[in-house]
Amino acid sequence: MDIRFTADEVAFRDQLRDWLTDVLPTLGDPPDSDDWPARREWDTGWQRMLYDAGYAGINWPSEFGGRGSTPTEHLIFLEETTRMGAPYVGMNFVGQLHAGPTLILEATPEQQARHLPAMLKGEEVWCQGFSEPNAGSDLASLSTRAIRDGNHYVVTGQKIWTSFGHVADYCELLVRTDPDAPKHRGITWLICPMDLPGIEVRPITTVAGSSEFCEVFFDEVRIPVENRVGDENDGWRVAMVTFSFERGTAFISELLGTMNQLADMADVARNICRNGSSAWDDDEIRREFGRLQVEYDALWALTKRVVSQAQRTGMPGPGGSVFKLYYADVKKRMAELAHRLLEREALVFGDEAGDEQTGGDMVASRLYVLSLSIAAGTSEIQRNIIGERILGLPKER
Amino acid sequence: MDFELTEDQVALCDGIRDLCQGRFDIDTVRGLADCGGVDRRLWAELAETGVFSLLVPEDEGGVGLGWAEAGLVFEQLGRALVPGPLVGSLLAAEVVDDAVVGFIERPTGPALVEYPDVIDALLVLDGDGVWRVDAAELSIDAAHSVDPLTPVGRVDVLPQGEAVGGCYGWANRAVFLCSALQVGLATGARELAVSYAQERQQFGKPIGQFQAVKHMCADMYSREEVARAALYYAGCVMDATMGPGLPANPGGDLYFHGCTIDPHDARGDHEHRELVRAVSGARILAAEAADHNGKDCVQIHGGMGFTWEIDAHLYLKRAWALTPCFGSLDEHAERIAAMV
Ligand SMILES: Cc1cc2nc3c(=O)[nH]c(=O)nc-3n(C[C@H](O)[C@H](O)[C@H](O)COP(=O)(O)OP(=O)(O)OC[C@H]3O[C@@H](n4cnc5c(N)ncnc54)[C@H](O)[C@@H]3O)c2cc1C
């Protein structure tokens with residue numbers, strides 16, 4: 001076990017810091033959270049800057065246009081960009097963090113050549129069309145139907161909770177190709193262009209009043225067979241590859257952003273005056289800050305373990321489920337601490353611009369954290385995974 | 001960076017685990033409660049294996065490893081419930097010749113001394129340094145310990161003893177080693193609970209198939225893994241900032257200002273802050289993981305869990321015995337809050 005960075009890793013970090021110091025001041029202010037065209041421009045513009053500087057696809061292999069960095073360098077990249085306040089991956093999330101890596105492992109050379117460079121340059125925004133109204137936790141029961149017709153799949157059905165569905169160019173789409181096979185064996189993974197005739201996207205308003213996810217309706221949408229990733233009816237296995245990335249390292253920037261947020265909150269606590277003393281003088285409040293810091297530090301250490309395992313085996317380890325489960329709980333506790341500080345100010349949204357995922361408005365954040373134990377597999381499902389796959393307890397069914 | 005165990009570290013863990021399984025099976029461990037917690041012959045085997053001389057340099061007859069490894073070894077000892085004054089005996093290895101050595105901070109009033117019938121000497125930490133008190137000098141009244149594997153006695157007046165060194169870093173080290181034992185206890189309790197959940201049948205199926213039980217097991221594992229990550233990180237930070245052995249006090253306010261943990265002791269250079277933050281963090285998470293996993297282990301055993309016969313209580317009680325040492329969890333939380 002060695003937590004120290006090697007000389008190469010330090011050199012990588014220093015070079016990155018220099019670059020960030022140069023470019024971040026040129027960025028201007030982030031757009032309003034409900035101005036979708038501006039958000040797209042902001043997120044993809046940042047992706048393009050990363051590309052031009054050689055930092056796009058940091059962990060993707062170089063033969064696919066990535067930088068081919070080690071998992072540790074990826075971690076340094078996320079740490080430094082978050083620490084220095086660079087834009088978050090935003091709507092490039094699906095493309096960069098799980099669709100891209102899935103294509104690298106599972107797609108044909110033609111598919112890779114078509115999409116990977118475009119993802120890296122910020123020219124393609126992707127979304128994930130997995131969940132359906134009747135297939136959430138029990139995803140394998142999905143029923144969006146794809147019927148083969150010559151060189152096309154004709155797709156009819158509905159997806160839901162599709163984050164950034166209204167701005168995306170492509171979708172990683174799971175469809176049912178064999179309704180008679182056992183449910184895990186009749187699924188296929190398709191690349192679906194979002195501008196095909198027959199697709200209708202309707203934004204859904206979240207509890208925060210924003211609309212970053214959508215319903216997507218498919219009415220006899222013709223998707224070319226050449227857009228299939230993996231074999232027909234082998235889509236569940238491909239989806240598991242996607243999940244391993246989604247749960248493995250996808251939450252690193254979030255955690256780091258949260259740690260920044262905790263430090264900002266501590267400053268707020270020190271400056272809030274109540275009955276002649278600061279909120280920070282309250283033992284309970286101060287200790288809760290200490291405890292949260294302890295838990296975030298430990299999750300950061302756990303992340304380093306998961307990353308080191310990935311460095312040895314090429315795939316993120318099962319620590320990802322533990323991380324996600326634990327993180328959701330701790331982040332909710334932090335939101336509650338924020339609200340003990342805000343008191344009646346908790347009634348109004350702050351006017352601070354900023355991404356609710358990485359900092360910014362504590363009131364918006366209190367709402368956002370509710371999704372952490374739901375999205376990407378609920379906490380109940382993560383506990384099932386840990387209980388069954390890691391601890392070997394008997395399956396429910 | 002490679003924050004995974006090296007091959008040598010894996011082999012070290014395996015070796016200690018084999019030793020524990022071979023020499024400290026649960027019947028033997030329970031039997032040790034009848035002889036003050038330590039059997040000299042078994043203790044000598046631990047010493048020969050190098051458990052106490054892990055950090056002593058090789059040219060001085062030790063094993064020459066670091067704090068990360070000491071953490072791994074103590075984790076395995078905790079997992080196997082090995083009793084005895086393990087922390088004191090490791091810390092004492094470089095400064096005194098005694099074999100079985102207790103270690104406490106000097107209280108303002110009467111002291112509770114662990115393993116009173118078997119220790120050769122007691123090291124006492126106070127603001128002026130570390131002192132050796134010969135066991136023969138201690139006048140001990142019997143007390144009824146909550147943990148059968150951690151017998152204690154009362155000492156009304158703790159003699160001053162003879163000075164053995166400055167107090168530099170001792171409390172952090174003791175806290176770290178206690179945390180390692182507790183991560184092991186959390187693991188042992190979780191393993192016992194999971195195996196019972198697989199065997200025990202009710203309503204025609206293993207209780208581990210019920211989500212209420214399965215999810216409790218998953219939470220036990222999560223706590224343990226998070227605490228383990230914090231512990232290993234703390235071990236690495238200790239190696240990076242202190243190195244093995246006991247260097248002389250570099251002067252000033254560095255590290256502990258005596259034996260009590262000063263909640264505002266977060267001054268000093270960056271490395272010092274890193275170390276305090278890592279060690280106090282591991283302390284809180286390990287103590288809580290051991291406590292919660294011990295309780296959940298009792299719960300998962302149902303009525304059996306409330307019996308003396310089932311080992312669940314041994315994990316829990318040992319966890320309890322290890323927590324009130326070198327600062328309360330609140331004090332550790334305060335130290336870290338001072339750095340947020
Ligand atoms: C912010 C956000 C973004 C999302 N983005 C996307 C996206 O981009 N693409 C996409 O495909 N999906 C996305 N999702 C969907 C997400 O993956 C699902 O919401 C999730 O898998 C749960 O499915 P469900 O909503 O149908 O809830 P259900 O599965 O109906 O669950 C309802 C409740 O029942 C519990 N439950 C269900 N089954 C079990 C069980 N076996 N044991 C115990 N409890 C159980 C659940 O834990 C939950 O509490 C997103 C969700 C959110 C909140």
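Residues numbered from 1 in each chain as written. Chains lettered and ligands numbered in written order. Predicted model: local features only at pLDDT ≥ 70, side-chain atom pairs only at ≥ 80, totals over all residues. Heavy atoms only, no water.

Q: Give me the lowdown on the overall build of chain B, citing residues and values where you can.
A: When helices and strands are tallied, chain B shows ten helices and nine strands. Relative to the globule expectation of 20 Å for 340 residues, the C-alpha radius of gyration of chain B, 20 Å, shows essentially globular dimensions. Principal-axis analysis of the C-alpha atoms places the extent of chain B at approximately 65 × 45 × 40 Å. Expressed as a percentage of the 340 residues in chain B, the buried residues total 60%. When contacts within chain B are restricted to residue pairs at least 6 apart in sequence, long-range pairs at least 24 apart make up 73% of them. Counting only carbon and sulfur atoms, one obtains 50% of the accessible surface of chain B, whose full area is about 12800 Å². Distance from the positive charge centre (24 side chains) to the negative charge centre (52 side chains) of chain B: 8 Å. (Helix = DSSP H or I, 4+ residues; strand = E, 2+ residues; numbered from the N terminus. Rg over C-alpha atoms; globule rule 2.2 N^0.38 Å. Buried < 20%, exposed > 50% of the residue type's maximum accessible area, 1.4 Å probe, protein only. Contact = heavy atoms within 4.5 Å. Areas by Shrake-Rupley, 256 points an atom, 1.4 Å probe, with all protein chains shown as cover. Lys, Arg positive; Asp, Glu negative; His and termini not counted. Charge placed at Lys NZ, Arg CZ, Asp CG, Glu CD.)

Q: Hey, could you go over helix α4 (residues 67–79) of chain B for me, with residue numbers and the actual values?
A: Residues and elements named next belong to chain B. Spanning 13 residues, α4 covers 18 Å between terminal C-alpha atoms, matching the ideal 18 Å at 1.5 Å per step. For α4, the buried fraction is high: twelve of the 13 residues fall into the buried class. For α4, the full list of buried residues reads Trp67, Ala68, Glu69, Ala70, Gly71, Leu72, Val73, Phe74, Glu75, Gln76, Leu77 and Gly78. The inward-facing, buried residues of α4 abut α1 (7–23), α3 (40–49), α5 (86–92), α6 (170–199) and α7 (211–241). Taken from the residues just after α4, Leu81 is the one with a positive phi, measuring 65°. (Expected span 1.5 Å × (residues − 1).)

Q: For the nonpolar core, give the residues involved together with the corresponding values.
A: The biggest cluster of nonpolar side chains holds 206 residues, and the ones touching the most others in it are Phe289 and Tyr296 of chain A together with Leu46, Phe74 and Leu77 of chain B. When residues of this core are assigned to their parent elements, the largest contribution, 17 residues, is made by α6 of chain B. For Leu46 of chain B, the residues in contact, after removing those within four places along its chain, are Leu19, Phe24, Val51, Phe52, Leu77, Val82 and Leu86 of chain B. In this structure, Val155, Ala168, Cys171 and Val221 of chain A belong to the second largest nonpolar core, which totals 23 residues. (Core = buried A, V, L, I, M, F, W, Y, C linked by side-chain atoms within 4.5 Å.)

Q: Outline the interface of chain A and chain B, listing residues and values.
A: Each side of the interface is counted separately: chain A has 52 residues, and chain B has 46 residues. Between chain A and chain B, a total of about 4500 Å² is buried, with carbon and sulfur atoms accounting for 63% of that surface. On the chain A side of the interface with chain B, the three residues burying the most area are Met1, Ile3 and Arg305 of chain A, jointly 19% of the side's total. Here Arg291 of chain A and Glu288 of chain B are joined by a salt bridge, their closest N and O atoms 2.3 Å apart. On inspection of chain A and its partner chain B, the count reaches 27 residue pairs in polar contact (both at pLDDT 80 or more). For the side of chain A that touches chain B, the elements supplying multiple residues, two or more each, are α3 (71–83), α7 (252–271), α8 (283–313), α9 (319–342) and α11 (379–390) of chain A. Of the residues forming the side of chain A that touches chain B, the biggest block, 21 residues, is contributed by α8 of chain A. Looking at the side of chain A that touches chain B, its residues break down into 24 nonpolar, ten polar and 18 charged. (Buried area = accessible area lost by both parts, 1.4 Å probe. Salt bridge = Lys/Arg side-chain N within 4 Å of Asp/Glu carboxyl O. Polar contact = N/O pair within 3.5 Å; in protein donor to acceptor, adjacent residues only side chain to side chain. Nonpolar A, V, L, I, M, F, W, Y, C, P; charged D, E, K, R; others polar.)

Q: So what's going on with the pattern of salt bridges? Which residues, and what values?
A: Taken as a whole and judged by the stated rule, the model has 48 salt bridges over all chains. Glu288 of chain A serves as the salt-bridge partner of Arg333 of chain A, at 3.0 Å between the closest nitrogen and oxygen. Of this pair, Arg333 of chain A sits in helix α9 while Glu288 of chain A sits in helix α8, placing them 45 residues apart in sequence. Judged by its relative accessible area of 31%, Arg333 of chain A is partly exposed. The class of Glu288 of chain A is buried, set by a relative accessible area of 18%. Notably, a salt bridge pairs Asp120 of chain B with Arg40 of chain B, separated by 2.7 Å at the nearest N-O pair. Taken together, the positions of Asp120 of chain B in the loop between β2 (111–114) and β3 (121–126) and Arg40 of chain B in helix α3 put the pair 80 residues apart, joining distant regions of the chain. A relative accessible area of 22% places Asp120 of chain B in the partly exposed class. For Arg40 of chain B, a relative accessible area of 43% corresponds to the partly exposed category. A single salt-bridge network, built from bridges that share partners, covers Asp283, Arg286 and Arg287 of chain A together with Asp330 and Glu334 of chain B.

Q: Mind laying out the confidence of the model for chain A, listing which residues take part and the relevant values?
A: On average, residues of chain A carry a pLDDT of 92, and 95% of them reach 70 or more. Predicted confidence is poor over residues 353–359 of chain A, with pLDDT under 50, and the contacts of this stretch with residues over four places away or in other chains come to 14 contacts. (pLDDT = per-residue confidence, 0-100.)

Q: Any details on the sheet that holds strand β5 (residues 140–142) of chain B? Residues and values, ideally.
A: Think of a sheet as strands paired side by side through backbone hydrogen bonds, with each pair either parallel or antiparallel. Residue and element names in this part refer to chain B. Taken in spatial order, the three strands line up as β2-β6-β5 in an open sheet, and their pairing is antiparallel. At either margin of the open sheet sits one strand with a lone partner, and together these are β2 and β5. Across the sheet, the axes of successive neighbouring strands diverge by a mean angle of 40°, strand direction being ignored. Here β2 runs beside strand β6 (residues 152–155); their pairing, made up of four bridges, is antiparallel. The residue of β6 that forms the bridge with Ala111 is Val155. (Pairing = 2+ DSSP bridges. Axes fitted to C-alpha atoms, helices over the stretch in contact; angles between N-to-C directions.)

Q: Got a sec to walk through the site of the ligand? Specific residues and values, please.
A: Near the ligand there are 18 residues, and of these Ser137, Trp161, Thr378 and Glu380 of chain A together with Gln211 of chain B occur at the shortest range. Bordering the ligand are residues originating from chains A and B. In this structure, a nitrogen atom belonging to the ligand sits 2.7 Å away from a main-chain N or O atom of Gln128 of chain A. Between the ligand and Ser137 of chain A, the relevant distance is 2.6 Å, taken from an oxygen atom to a side-chain nitrogen or oxygen of the residue. When the free accessible area of the ligand is taken as 970 Å², the share hidden by the protein chains comes to 67%. (Near = heavy atom within 4 Å.)

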